[in-house]
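This is what each chain is made of:
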Amino acid sequence: MPPAIFARSPAPPLAPERDPIGWCGAICAAFLALLWLRLGVPSRIYFDEVHYVKAARILLTLAHPQNAEHPLVGKEILAAGLWLFGDDARGWRVFPTLFGTAGLFAFSRALWLASGRRFATIAGTLLLATNFMWFMISRIAMLDVFMAAFCMGAMWMLAGAVRFPEKARPRLVAAGILMGLSLGSKWNVVPALILPGLAFLVMRAVQHRGQFMLATQGAPVPGISLAEAGLWLGTLPLLVYFASFAPTFFYAARPVDPWHLIEYQQYMLKLQDSVVKPHPYQSVWWQWVLDIRSIWFLYQNIDGAQRGVVMIGNPFTMWAGLPAVLWCLWAGIWRARRDALAAALFYFACLIMWIVNGKPIQFYYHYLLPGAYLAACLGLALDHIWRRDDRWRWIAPGSLAVAVGLFAWFFPIISAAKLCCGRKSFEWWMWLPTWR
C-alpha cells in the first residue's frame with residue numbers, strides 16, 4: 001500500500017469552501033417533514049414492530065425479559081416514546097423519526113469534516129435521504145435506526161477529532177459514548193466501531209514501529225497516543241454498553257445478575273443463533289448489493305385505503321454506488337484520498353460481516369449501514385466529476401436529479417400512501433420480478 005496513506009501529518013486543512021450546513025439542514029428538515037407525513041399510518045403495529053413495541057411495553061413495567069436477543073438501548077428509547085407520547089402509532093414512531101433525522105444530519109457533518117468538499121457533502125446527504133432504506137427505517141419502531149443514528153454521531157465526532165486534533169480529546173470521549181450507545185442498540189454495528197481503532201493502530205504502528213503505544217506524534221490524531229485512543233474508543237464504549245443493561249437488574253422475574261453480564265451476552269448470542277426457520281423475505285448479501293430482493297413491510301387495506309410499504313433500495317443510488325465504491329478504494333490507495341478510502345473501507349467492513357458471520361436468516365434491512373457508506377462513496381465520486389472542467393460535468397447534478405426523481409416516484413409505496421388501483425396497485429413499482 002502506498003506510504004502516502006500513512007503520512008505523519010494530520011488531515012489537510014479544509015478546502016476554502018463554505019460549510020454546507022445550511023443546505024444539509026434544509027435537506028434534513030425536508031426529510032423530517034416527509035417522515036411526519038402519515039407517521040401514524042398504519043395505525044396498528046406492522047412488520048417487526050410486533051417484537052419491539054411489545055418489548056418496550058414490558059420494559060416499562062420491568063416485569064420480565066422480552067426480546068432478550070437484542071441489547072436494550074433501542075428498546076429503552078422506544079419505551080421512553082410510549083411513556084412520553086402515548087401507546088399509539090405516533091408514540092411508537094416519534095423517536096425513530098427524530099433519531100433518523102439526527103443520524104442523517106450527523107452523516108452530513110461527518111462527510112463534511114472528512115472531505116472538506118461542499119458538493120460531496122450535499123450530494124451524499126441527499127443520496128442517503130433518498131436511498132429509500134434510511135427513510136423507511138426512520139418511520140418504523142425498530143432498533144436499527146438507533147444503531148445507525150448513534151453510529152453516524154460517532155463518525156461525526158471521529159471526523160472532527162481527525163480534522164481538529166487540538167480539540168480531539170472531548171470529541172473522542174463523545175465518540176466513545178456514542179459508540180457504546182450504538183452497540184447497545186444492535187450488534188450489527190460492530191465492524192464500523194472496530195475500524196477506527198484498527199486504523200489508529202495500523203497508522204501508528206507503521207509510523208513508530210516498536211514505540212507506537214505511547215507515541216503522540218503523527219496521524220491520525222496528533223497529540224493522542226494509541227493507549228489513550230484505546231481508552232476512549234475501546235474501554236469507554238464497552239462501559240456504556242454494559243451500563244445500558246441496568247434496567248435488567250430490576251426485573252420482577254428472571255432479573256439479570258450484574259456480575260454475570262458476560263455470560264448474559266453468550267445467552268443473547270445463543271438466542272440469535274436459534275432463529276433458523278426460513279422466512280419468505282429472507283435474503284443474502286449479494287442480493288442486497290444488487291438491490292434485487294425486497295421486503296414487504298405492509299400491503300393491505302388499512303386505515304380506509306389500500307396501502308403498501310416495500311423496502312427496496314433506490315435503484316439508481318444502489319447501482320451507481322457500486323462503481324463509486326471501487327473508485328473510492330482506488331482514489332484512497334493510489335491518490336491518498338483518506339476520505340474516499342475511509343468510506344470504501346467502512347462499506348466493505350459492514351458488508352463482509354454478513355458474508356462471514358454464518359447467521360442463517362438475514363434481511364435486506366441489514367444493508368442499512370453499508371448503504372449509508374455507499375451513499376458517501378457516491379457523493380465523493382460525483383464530487384470528483386463535478387470538479388472536472390469538461391462536457392461530462394453535468395453527470396453530477398444529473399445523477400442527483402435522477403435519485404430524487406426516483407424517490408418521488410416510489411414515495412407512495414414506501415410511505416404507506418393511499419394507493420389508487422386496489423390490490424394490483426403495487427405493479428406500478430415492481431420493476432423486477434424479485435421485488436414482488
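Residues numbered from 1 in each chain as written. Predicted model: local features only at pLDDT ≥ 70, side-chain atom pairs only at ≥ 80, totals over all residues. Heavy atoms only, no water.

A. A look at the overall build of the protein chain. Scanning the protein chain from N- to C-terminus turns up 16 helices and two strands. For the protein chain, whose C-alpha radius of gyration is 22 Å, the value lies close to the compact-globule estimate of 22 Å for 436 residues. Each principal axis of the C-alpha atoms in the protein chain carries an extent, and together these give about 65 × 60 × 40 Å. By the burial criterion, 55% of the 436 residues in the protein chain qualify as buried. Considering only contacts in the protein chain between residues 6 or more positions apart, those separated by 24 or more positions represent 73%. Averaging the positions of the 37 positive and the 21 negative side-chain charges in the protein chain gives two centres separated by 4 Å. (Helix = DSSP H or I, 4+ residues; strand = E, 2+ residues; numbered from the N terminus. Rg over C-alpha atoms; globule rule 2.2 N^0.38 Å. Buried < 20%, exposed > 50% of the residue type's maximum accessible area, 1.4 Å probe, protein only. Contact = heavy atoms within 4.5 Å. Lys, Arg positive; Asp, Glu negative; His and termini not counted. Charge placed at Lys NZ, Arg CZ, Asp CG, Glu CD.)

B. Focus on the layout of surface pockets. Volume-wise, the second largest pocket comes out at about 490 Å³. Every residue lining the second largest pocket is counted, 20 residues in all, and those nearest its centre are Asp48, His51, Glu69, Val275 and Phe363. Looking at the lining of the second largest pocket residue by residue, the classes come out as seven nonpolar, seven polar and six charged. (1 Å grid on protein atoms, 1.4 Å probe; cavity = no way out; pocket = protein on both sides within 12 Å on 5 of 7 lines; lining within 4 Å. Points joined across faces, edges and corners; volume = space filled by probe spheres on them. Nonpolar A, V, L, I, M, F, W, Y, C, P; charged D, E, K, R; others polar.)

C. Layout of the side chain of Thr121. One can find Thr121 in helix 5 (residues 118–129). Taking relative accessible area as the criterion, Thr121 reaches 0% and is therefore assigned buried. Residues within four places of Thr121 in sequence aside, it is in contact with Pro20, Cys24, Ser108, Leu111, Trp112 and Ser115.

D. Geometry of the pairing of strand 2 (residues 305–311). With respect to burial, strand 2 is a largely interior element, seven of its seven residues being buried. In terms of strand pairing, strand 1 (residues 295–302) meets strand 2 through seven bridges, oriented antiparallel. Within strand 2, the residue paired with Asn301 across the bridge is Gln306. Linking strand 1 back to strand 2 in an antiparallel pair, the connection comprises two residues, with Asp303 at a positive phi of about 55 degrees. (Pairing = 2+ DSSP bridges.)

E. Region of interest: unusual backbone geometry. Between Val41 and Pro42 the backbone carries a cis peptide bond, its omega angle lying at 0 degrees. Following the sequence through the fold, Pro42 ends up in the loop between helix 1 (21–36) and helix 2 (49–61). Note the cis peptide between Ala219 and Pro220, where omega equals 5 degrees. Within the fold, Pro220 resides in the loop between helix 9 (190–208) and helix 10 (226–243). Of note, Leu62 is a non-glycine position whose phi angle comes to about 55 degrees, a positive value. Structurally, Leu62 can be placed in the loop between helix 2 and helix 3 (73–85). Judged by relative accessible area, which is 29%, Leu62 ranks as partly exposed.

F. Representation of the environment of Gly103 in the model. With respect to the helices, strands and loops of the structure, Gly103 is situated in helix 4 (residues 89–115). Residue class for Gly103 comes out buried when judged on its relative accessible area of 1%. If we skip the residues at most four places from it in the chain, Gly103 touches Trp134, Ala149 and Met152.

G. View of the packing of aromatic side chains. In the structure shown here, the tally under the stated rule is 33 aromatic pairs. Judged by centre distance (5.2 Å) and plane angle (75 degrees), the ring pair of Tyr241 and Phe245 falls under edge-to-face. Aromatic pair Tyr347 and Tyr367: ring centres 6.2 Å apart, planes at 80 degrees, arrangement edge-to-face. Highlighted residues: Tyr347 in helix 14 (residues 338–356) and Tyr367 in the loop between helix 14 and helix 15 (368–386), separated in sequence by 20 residues. As far as the burial class goes, Tyr347 and Tyr367 line up, both buried. A connected cluster of aromatic rings, assembled from ring pairs, spans Phe31, Phe132, Phe135, Phe407, Phe410, Phe411, Trp431 and Trp435. It is Arg393 that lies over the ring of Trp386; its NZ or CZ is 3.7 Å from the centre. (Phe/Tyr/Trp six-rings, centres within 6.5 Å; stacked < 30°, edge-to-face > 60°. Lys NZ or Arg CZ within 6 Å of the ring centre and 35° of its normal.)

H. Representation of the pattern of salt bridges. Throughout the structure, instances matching the rule amount to 11 salt bridges. In this structure, Arg169 and Glu228 form a salt bridge, with 2.4 Å as the shortest nitrogen-oxygen distance. Of this pair, Arg169 sits in helix 8 (residues 168–183) while Glu228 sits in helix 10, placing them 59 residues apart in sequence. Assessed through its relative accessible area of 17%, Glu228 is described here as buried. The network of salt bridges with common partners includes Glu17, Arg117, Asp383 and Arg387. (Salt bridge = Lys/Arg side-chain N within 4 Å of Asp/Glu carboxyl O.)

I. Representation of the nonpolar core. Core analysis: the largest hydrophobic core is formed by 140 residues, its most contacted members being Trp134, Met152, Phe297, Met311, Tyr367, Tyr373 and Ile413. What Ile413 contacts, discounting residues up to four positions off in sequence, is Trp296, Tyr299, Gly308, Val309, Val310, Leu419 and Trp429. (Core = buried A, V, L, I, M, F, W, Y, C linked by side-chain atoms within 4.5 Å.)

J. Main features of the packing of helix 15 against helix 16 (residues 395–414). It is the contact of helix 15 with helix 16, at a shortest axis distance of 8 Å, that shows an interaxial angle of 140 degrees. Between helix 15 and helix 16, the crossing angle belongs to the class labelled oblique. Where helix 15 approaches helix 16, its residues Leu382, Ile385 and Trp386 are matched on the opposing element by Ile395, Ala396, Pro397, Ser399 and Leu400. Its residues placed into classes, the contact of helix 15 with helix 16 shows seven nonpolar, one polar and no charged. (Axes fitted to C-alpha atoms, helices over the stretch in contact; angles between N-to-C directions. Parallel < 35°, antiparallel > 145°, perpendicular 65-115°, else oblique.)

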